[in-house]
Amino acid sequence: MAVIAGRPNRGALLPRRLAAVTDSRVGSLAVYVIRRVLWMIPIVFFVIVITFVLMHSAQGSPWDKAGGRQLSQVVVDNLNKKYGLDKPVFFQFLLYIWNVLHFDFGLSYQYQGKSVVQLIAEGWPYTATIGTLAFALIVPLGIGLGVLAALRQNTRVDYATMGFATFAASFPNFVIGSLMIVLFSVLMYHWTQGAFFLPAGGWGVDSHLIMPAITLALLPIAYTARLTRASTLETLRQDYIRTAWAKGLTERLVVIRHVLKNSLIPVVTTLGPTFAFLITGSVIVETVFSIPGIGRAFVVAVTSRDYPMILGTTVLFSVVIAVANLVVDILYVFIDPRVRLT
Amino acid sequence: MAIPVAASEPAAIDWEVSEHQIGLWQDAWTRFRRNRLALVGLAIVVFLVVVALISPLLVRLHILADPIYQQLVSIETGPGVNGHVMGTDILGRDTLSRLMIGSQVSLTVGLLVQGIIFPIGLAIGLASGYFGGRIDNLLMRFTDIWYAFPDLLFVLVVVSVWRVQGPWYIQLIPIFGAIALVNWVGLARLVRGQVLSIKEKEYIEAARSSGSSPLKLILKHLLPNSLGPIIVTLTFGIPNAIFLEAVLSFLGVGIQPPQPTWGQMVADGTEAIYANPSGVVFPALAIGFTLLAFSFIGDGLRDALDPRMKR
Amino acid sequence: MAQRLLEVKDLHTQFFTSRGVVRAVDGVTFHVDAGETLGVVGESGCGKTMTALSILRLIPDPGRITSGQILFRGRDVVTMTDDEVREFRGNDVAMIFQDPMTSLNPVTRVGTQIEEAMTAHGRFTDAIARPRVIELLKRVRVPAAESRIKDYPHQFSGGMRQRAMIAMGLSNEPAMLIADEPTTALDVTVQAQIIQLMKQLNRELGTAMMLITHNMALVASLCQRIVVMYAGRIVEEGPVEQIFKSPQHPYTWSLLRSVPRVDEARKDRLVSIKGLPPDLSHPPPGCKFHPRCPFVIDKCKVDPEPELQDVAQNQIARCWVLMRNVKEEDIEAAKQSALSRDAAAKLKAPTAELGGNPRG
């Protein structure tokens, strides 16, 4: 438990024993984690508030089905009473918070009788599978391409990978997804007389996962590759790389221990936002490929004003993203020894 | 041997490297011009703007087929059939003309939203940097929380709630609002950073010279120094905004028909994808290349305005 | 004559940039004998660092060694294969760099960095290398070496970092150590400590050293011979005392003028050299130093500088004039005009430093 000379004595306010703990790096880490977890609470709360306010500021009630039969007032009143919509907004809000703390997100307006939690649970496996698959593509491909481009700077390999990255980054998910369907489902079916093609949607067979996962992963791969390349180029210019060469180290050692160990640090910090992107991306990808995951459920909920569902999924998404960011931040502390945990 | 003479003042030929003062903007423009990709991007954008402006006229003059009313002559045809260069959609409307009219929406959203983001981001960034202290803290915490909310989800929620009837440019208002609300943070942070660094430099001088208020000094120095990064940030915001609008249309919560929008066209095309895949391909490519064009311009601007690059 | 440890023969290293070819090392010939300390001096940009990097074949793109020989114990480094060079680096010849903060990997422990220098060449196994690191750190006077090996560079002070770098450089007991401005990035007090250390190590280990610096005081303290470089070429070479007493090239003379010396009368003020080092892609015609030379004659502006010629026992220089041919009154006149130039500059820019000590 080395105490570095000259650091301000935080222990002055804490009893001796506790101070010894918090001054150690392990102790600081624990404090840091706790502080970040506590900070998540106002963030999620804020998200709930905003979404709640927006939901209830909408015109019309959830029972207005555009183009459908208008329900009679009696039915509407009953429904309102059932879902507690006749009470004042503030009261509804408090009730909602109370329920959330008990993991009860209410019943869906859209699907009679099903609770939000149920719906989320149903959609979860699909979203998680595709998300994990995409992540498994992003990390090796994104980092690998970026490092390759940096080590072979200004060669054809570099231009090719960066050109690909620029394209992939500019075409939105649904554009790429749709084009992929055209290419691999429709055209390929034509060209091979139905022998070989990728399914355009649905679930069941492994081949159903290929296109959605790739579509979802493409943009983060491009972004990660660009960042990795830039970071690696920057690292290669550093003096300590020259020192490493001067010591007579092999290229392998120089690249792995000296170049990558430094250049991947900023890349790790983008894993959090990448995760967030996988979540928002799932909304689009699941719609394009008709996958019954949470993302698509969210879109459906939005278009049909299913308040509890919207609130529930938004809360879920925010929590997941906040947790992912927290994990990344903690990981960062372990990766970069220069970081101080004040 | 000749008698050596102590040299008096610098020799006739000055071998120190002399530096011409090139105006920042001229320099930037020269650098921008050298970037072929950026020029291509610029060409595409200019072309799109022209298309957006003259296509309603072309429709009225019957040079372009009507994009709104259904025709029953040819439905879901591929490119080149019956004189329709890009084919028709499910209501028999000419895809090319719908594509051209659709550019109106995309460009309007992309370009004008920045006009909303700019004052908001600028004001908040200025306030945060200038006042510092509690206000700065508060605003930065606020933006941190804002960051936690994924932008697409927020936009979807806002747009679903806030729907307006009317012609397409009225319908755009909530969309503008939603997109601007999500994207102002980046600009605010940039401006704040600039203000803070200027504050450090300028306050010292201001203290010494007294006279004009620090705010004026900050504004005076803010513009030349940070106009570059601000422009780059705004430029990169354009494709982001176009993208968000396209996603909204694709999901059906953006501008409602009959006004054609590219996102909508992709969605419609997907439904008949087996019969007529070109219905998806053309609007998809249009979106993709537009975004690409703006990205190239953004990259070009960023490289051109980067103070670190030497001649 | 016994084989010399290092012989550099007519080395040319050039950079092929979009602005033209930069002749960073323009025909350099010198040698280092076993155990001796050679000083290489000159302003920034004169090619001394590039010469050193050439010896280790560390020239970055777009540079290349275009011709010449670098003979280490008779073997030509320029024609070595990549594997041979790798063996050579850090093992036969080691190099330490100017800024120890940026020259050490910030995310790897110091102990590991020293250790890998040793294990890279297969001379030490892991088991031997690890305790040897502690031994090395003790040798360079790093306190609490056992716990220090687990620290990261940012936890070391500047002086300690440089000591660690020296330990790293000496870890394989190289025949020669190249030190590029080893004290420039350090505080003055720490500089003195490092100089002491280097003197001591040189006595203890007998390692030859090529000391690159623009600090004449350092040279006086550590070196036996000195080579003066300007614009990629050697302009003077000789034993230290001789050069200091009677420098023959005006540039050497000017350099010595701009350094405080205890052995000179107090009334001699420090003077700076006017002008800036030349742009090596577009050098001036004639002698490359002529625009800044206090004793320039017409011939210097037209004819390129002469070949190196003997000017005294063991001392060579390349100049059309040579200091011994300069009249006393001209020397005084040169000093005066330099002084007044400095005074005028001081009036113009009150906060600018005069002939300062460039850091970092």
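Residues numbered from 1 in each chain as written. Chains lettered and ligands numbered in written order. Predicted model: local features only at pLDDT ≥ 70, side-chain atom pairs only at ≥ 80, totals over all residues.

## Structural notes on the interface of chain A and chain B
Taken together, the contact pairs 37 residues of chain A with 31 residues of chain B. Mapped by element, the contributors of at least two residues to the side of chain A that touches chain B are α2 (25-56), α6 (156-170), α7 (173-191), α11 (271-288), α12 (294-303) and α13 (307-335) of chain A. By residue number, the principal contributor to the side of chain A that touches chain B is α7 of chain A, which donates eight residues. Its residues assigned to classes, the side of chain A that touches chain B comprises 26 nonpolar, 10 polar and one charged. (Contact = placed C-beta atoms within 7 Å. Helix = DSSP H or I, 4+ residues; strand = E, 2+ residues; numbered from the N terminus. Nonpolar A, V, L, I, M, F, W, Y, C, P; charged D, E, K, R; others polar.)

## A closer look at helix α10 (residues 251-269) of chain A
The periodicity of an α-helix, 3.6 residues per turn, causes residues three or four places apart in sequence to face the same way. Residue and element names in this part refer to chain A. An ideal rise of 1.5 Å per residue puts 27 Å on 19 residues; α10 measures up with 26 Å between its terminal C-alpha atoms. When the local axis directions of α10 are compared, the greatest deviation, roughly 45 degrees, occurs at L260. Among the residues making up α10, those that are buried are V255, H258, V259, N262, S263, L264 and V267. On its buried face, α10 is in contact with α5 (116-151), α8 (207-236) and α9 (239-246). (Expected span 1.5 Å × (residues − 1). Bend = angle between axes of the 7 residues up to and from the residue. Buried ≥ 20, exposed ≤ 12 C-beta atoms within 10 Å, placed from the backbone.)

## Observations regarding the sheet that holds strand β12 (residues 315-317) of chain C
All names here are of chain C. Read from one edge to the other, the open sheet built from eight strands follows the order β6-β7-β8-β3-β9-β10-β12-β11, with strand pairing classed as mixed. If you trace the sheet from one side to the other, it starts and ends with β6 (93-96) and β11 (309-312), each paired once. Neighbouring strand axes in the sheet, compared pairwise and without regard to direction, differ in orientation by 25 degrees on average. One ladder, built from five bridges, connects strand β7 (residues 176-180) with strand β8 (residues 208-213); its direction is parallel. Following the sheet pairing, A179 is matched in β8 by L211. Strands in contact with helix α11 (residues 250-257) are β3 (37-41), β9 (225-230) and β10 (233-239); relative to β9, the strand with the most contacts, it is inclined by about 105 degrees. (Pairing = 2+ DSSP bridges. Axes fitted to C-alpha atoms, helices over the stretch in contact; angles between N-to-C directions.)

## Thoughts on the sheet that holds strand β2 (residues 20-32) of chain C
Residues and elements named next belong to chain C. One open sheet holds the four strands; their spatial order is β2-β1-β4-β5, and the pairing between them is antiparallel. Edge positions in the open sheet fall to β2 and β5 (75-76), since each of these has one partner strand only. As paired strands, strand β1 (residues 6-17) and β2 are joined by 10 bridges and run antiparallel to one another. In the strand pairing of β2, E7 is matched with H31. Packed on one face of the sheet, helix α1 (residues 48-55) meets β1, β2 and β4 (63-72) and runs near 70 degrees to β2.

## Here we look at the packing of α9 of chain A against α10 of chain A
Residue and element names in this part refer to chain A. Two elements in contact, α9 and α10, have axes whose closest approach is 10 Å; the angle formed by their N-to-C orientations is 155 degrees. Classed by the angle they form, the pair α9 and α10 counts as roughly antiparallel. Handedness of the α9/α10 crossing: right-handed. Of α10, the residues touching α9 (which contributes Y240, I241, A244 and W245) are V254, H258 and V259. Class assignment for the residues of the contact of α9 with α10 results in six nonpolar, one polar and no charged. (Parallel < 35°, antiparallel > 145°, perpendicular 65-115°, else oblique. Left-handed = near helix turned anticlockwise from the far one by under 90°.)

## A look at the pairing of β3 of chain C
Residues and elements named next belong to chain C. The buried fraction of β3 is high, at five of five residues. Residues of β3 alternate between two faces, with T37, G39 and V41 on one and L38 and V40 on the opposite face, all of them buried. Where β3 meets β8, five bridges bridge the pair, whose relative direction is parallel. Counterpart to L38 in the pairing with β8 is M210.

## Details of helix α4 (residues 110-119) of chain C
Most of α4 of chain C sits out of view: eight of its 10 residues are buried. All buried positions along α4 of chain C are accounted for by V110, G111, Q113, I114, E115, E116, A117 and M118 of chain C. Each element contacted by the buried residues of α4 of chain C is listed here: α10 of chain A together with α5 (126-139), α6 (145-148) and α7 (158-170) of chain C.

## Details of the nonpolar core
Side chains that are nonpolar tend, in soluble globular proteins, to be buried together. One finds V155, I179, V247 and V266 of chain B to be the most contacted residues of the largest nonpolar core, which totals 136 residues. The greatest single-element share of this core, amounting to 15 residues, is contributed by helix α9 (residues 278-305) of chain B. Once residues lying within four places of it in the same chain are set aside, the contact partners of V155 of chain B are A178, I179, V182, L244 and L248 of chain B. Formed by 97 residues, the second largest nonpolar core is a distinct cluster that contains A244 of chain A together with L38, L186 and I194 of chain C. (Core = buried A, V, L, I, M, F, W, Y, C linked by C-beta atoms within 7 Å.)

## Observations concerning the packing of α5 of chain A against α11 of chain A
All names here are of chain A. One can describe the packing of α5 onto α11 by two numbers: an axis separation of 10 Å at closest approach and a directional angle of 135 degrees. Viewed along their axes, α5 and α11 adopt a mutual orientation that is oblique. You can see that α5 and α11 cross each other, and the crossing is right-handed. Packed against α5, whose contacting residues are T127, I130, G131, A134, F135 and I138, the element α11 presents T274, L278 and S282 at the interface. Considering only residue class, the contact of α5 with α11 consists of five nonpolar, four polar and no charged.

## Thoughts on unusual backbone geometry
Residues and elements named next belong to chain C. Note that the residue after D61, namely P62, is joined by a cis bond; omega there is 0 degrees. If you trace the backbone, P62 turns up in the loop between α1 and β4. Residues other than glycine seldom take positive phi values, yet R57 does so here, at roughly 55 degrees. For R57, the location among the structural elements is in the loop between α1 and β4. Look at E181: it is not a glycine, yet its phi comes out positive at around 50 degrees.

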